[in-house]
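# Commentary on secondary and tertiary structure
Next come the chains, spelled out residue by residue.
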Amino acid sequence: MDIVTFENVSKIYRIGEVDVAALLDVTLHIPRGAFTALVGPSGSGKTTALNLMGCLDRPSKGEVMVDGRQVDRLGRRESAAFRGEKLGFVFQDFNLLPVLTVFENVEYPLLMIRNLPRSQRKPAVDRVILAVGMSNQARKYPSQLSGGQKQRAAVARALVGEPALVLADEPTANLDGQTAQMVVDLMKRMRDEFGTTFVFSTHDPRIMKQAEVMFHLEDGRLLDGSSVIGEEHHD
């Protein structure tokens, strides 16, 4: 079963008196477990597509299915609950809270969104921090970390709730080439270890070649022949 399905999805924003089409009649299917890239220039609709998958926005037209649920029909509270249970997010600027340690940043979704007791939070946090190779930095604050370490912590935070889907918006944009490659390798390893589907947006050609499935967007439209499944695709 596909983890994400768009059926004839459009997203129109009203800016002043002008309608701006961020997505136009997009149909796509993302296989569960695939390491998937949305590629295209700035303004092509990548972030809008991720926002729709992440229940952060709703389409103007069409149907969005995520993990077997039609999310375009969910209300605000239902969307928030679905995000907390099923989704993880990784951002290009890391979005770590500066006053919290690495451990506390990773723990945050379990405490604030799921309200789990510490007896359940600690083993979950320890597991993902170990998996991303950040155990020695668990007590450090974001200001004490390199860019690559910050993004590792962000990946751990995205994975701590064992989501079905992690959405990463330009996760390597603020990293040098070598560190970016390390983060992509990490996300692939985490996909294999945790069984989580990763969907990320990028316009970095070095990162595109790592994708097993790729959708090319331009001016809000999905280009023909966008879905390319490589030999490494995991069912």
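Everything numeric in this text was worked out from a predicted model, so none of it was measured. All residue numbers refer to position in the chain's written sequence, counted from 1. Reporting in this predicted model follows two pLDDT cut-offs: at least 70 for local features of residues, and 80 or more for side-chain atom pairs to be given and counted; totals over whole chains, interfaces and linings ignore these cut-offs and use all residues. Side-chain calculation: all heavy atoms of the structure are included, whereas hydrogens and water are not.

We now examine the overall build of the chain. When helices and strands are counted, the chain shows seven helices and 10 strands. With the C-alpha coordinates aligned to their principal axes, the bounding extent of the chain is approximately 50 × 40 × 40 Å. Counting every position in the chain, which comprises 235 residues, the buried fraction comes to 51%. In this analysis, two residues are considered to be in contact whenever any of their non-hydrogen atoms come within 4.5 Å of each other. Restricting the contact set of the chain to residue pairs at least 6 apart, pairs at least 24 apart contribute 70%. The Shrake-Rupley method, run with a 1.4 Å probe sphere, supplies the accessible areas, and residue values consider only the shown protein chains as cover. Here the chain displays about 11,500 Å² of accessible surface, and carbon together with sulfur accounts for 48% of that area. The chain carries 28 positive and 30 negative side-chain charges, and their two centres are separated by 7 Å. Starting at the N terminus, helices and strands are each numbered in turn, a helix being any DSSP run of H or I of at least four residues and a strand any DSSP run of E of at least two. Type-normalised accessible area, obtained with a 1.4 Å probe on protein chains alone, sets the label of each residue: buried when under 20%, exposed when over 50%, and partly exposed for intermediate values. Asp and Glu count as negative and Lys and Arg as positive, but His and the ends of the chain are not part of the count. In this description, the location of a charge corresponds to atom NZ of lysine, CZ of arginine, CG of aspartate or CD of glutamate.

For every residue, the predictor assigns a confidence score, pLDDT, that lies between 0 and 100. In the predicted model, the chain carries a mean pLDDT of 90, and the fraction of residues at 70 or more is 95%. The spread of mean pLDDT over the elements of the chain runs between helix 7 (residues 205-208), the lowest at 78, and strand 4 (residues 61-66), the highest at 97. Within the model, pLDDT remains below 50 along residues 231-235, and this stretch shows 13 contacts once partners closer than five positions in the same chain are excluded.

Only strands that DSSP links by at least two bridges are regarded as paired with each other. Within the open sheet, the four strands sit side by side as 2-1-4-5. Their pairing is antiparallel. Of all strands in the sheet, those bounded by a partner on one side alone are strand 2 (18-31) and strand 5 (69-70). Lying over the sheet, helix 1 (residues 46-53) contacts strand 1 (2-15), strand 2 and strand 4, oriented at roughly 120° with respect to strand 1. Note on geometry: axes are lines fitted to C-alpha atoms, helical ones only across the stretch in contact, with angles between N-to-C directions running from 0 to 180 degrees.

With that settled, the discussion passes to the environment of Ala49. As for its placement among the helices and strands, Ala49 is situated in helix 1. Remark: the alpha-carbon pair of Ala49 and Lys11, spanning 38 residues in sequence, is separated by 8.8 Å. Apart from the residues within four sequence positions on either side, Ala49 is in contact with Phe6, Leu23 and Leu38.

Turning our eyes to something else, we now look at the sheet that holds strand 8 (residues 197-202). Pairing is mixed in the open sheet, where six strands are placed in the order 6-7-8-3-9-10. Edge strands, defined here as strands with exactly one partner in the open sheet, are strand 6 (87-91) and strand 10 (221-222). Here strand 7 (residues 165-169) runs beside strand 8; their pairing, made up of five bridges, is parallel. Note that in strand 8 the partner of Leu165 across the bridge is Thr197. The strands touched by helix 6 (residues 177-194) are strand 3 (35-39), strand 7 and strand 8; relative to strand 3, the strand with the most contacts, the crossing angle is about 135°.

Here we take up the side chain of Thr48. Tracing the chain through its elements places Thr48 in helix 1. For Thr48, a relative accessible area of 12% corresponds to the buried category. Those residues in contact with Thr48, other than ones at most four positions away along the chain, are Lys11, Tyr13, Ala22 and Leu23.

What follows is about the pattern of salt bridges. When a carboxyl oxygen of Asp or Glu is within 4 Å of a side-chain nitrogen of Lys or Arg, the pair counts as a salt bridge. Enumeration according to the criterion identifies 11 salt bridges in this entry. When the shortest N-O distance is used, the salt bridge between Arg121 and Glu107 registers 2.8 Å. With Arg121 in helix 4 (residues 118-131) and Glu107 in helix 3 (residues 102-113), this pair connects stretches of sequence that are 14 residues apart. The same class applies to Arg121 and to Glu107, which are both buried.

Turning our eyes to something else, we now look at the nonpolar core. For soluble globular proteins, nonpolar side chains are generally found buried alongside one another. Counting 39 residues, the largest nonpolar core has Val106, Ile129, Val155, Leu159 and Met190 as its most contacted members. When residues of this core are traced back to their parent elements, those giving at least two are strand 3, helix 3, helix 4, helix 5 (147-159), strand 7, helix 6 and strand 8. The residues touching Val155, leaving out its near neighbours within four places in the chain, are Val90, Val132, Leu186, Met187 and Met190. With 29 residues, the next largest nonpolar core counts Val26, Leu50, Val64 and Leu217 among its residues. Throughout, nonpolar core names a set of buried Ala, Val, Leu, Ile, Met, Phe, Trp, Tyr and Cys residues whose side chains join them through atoms within 4.5 Å.

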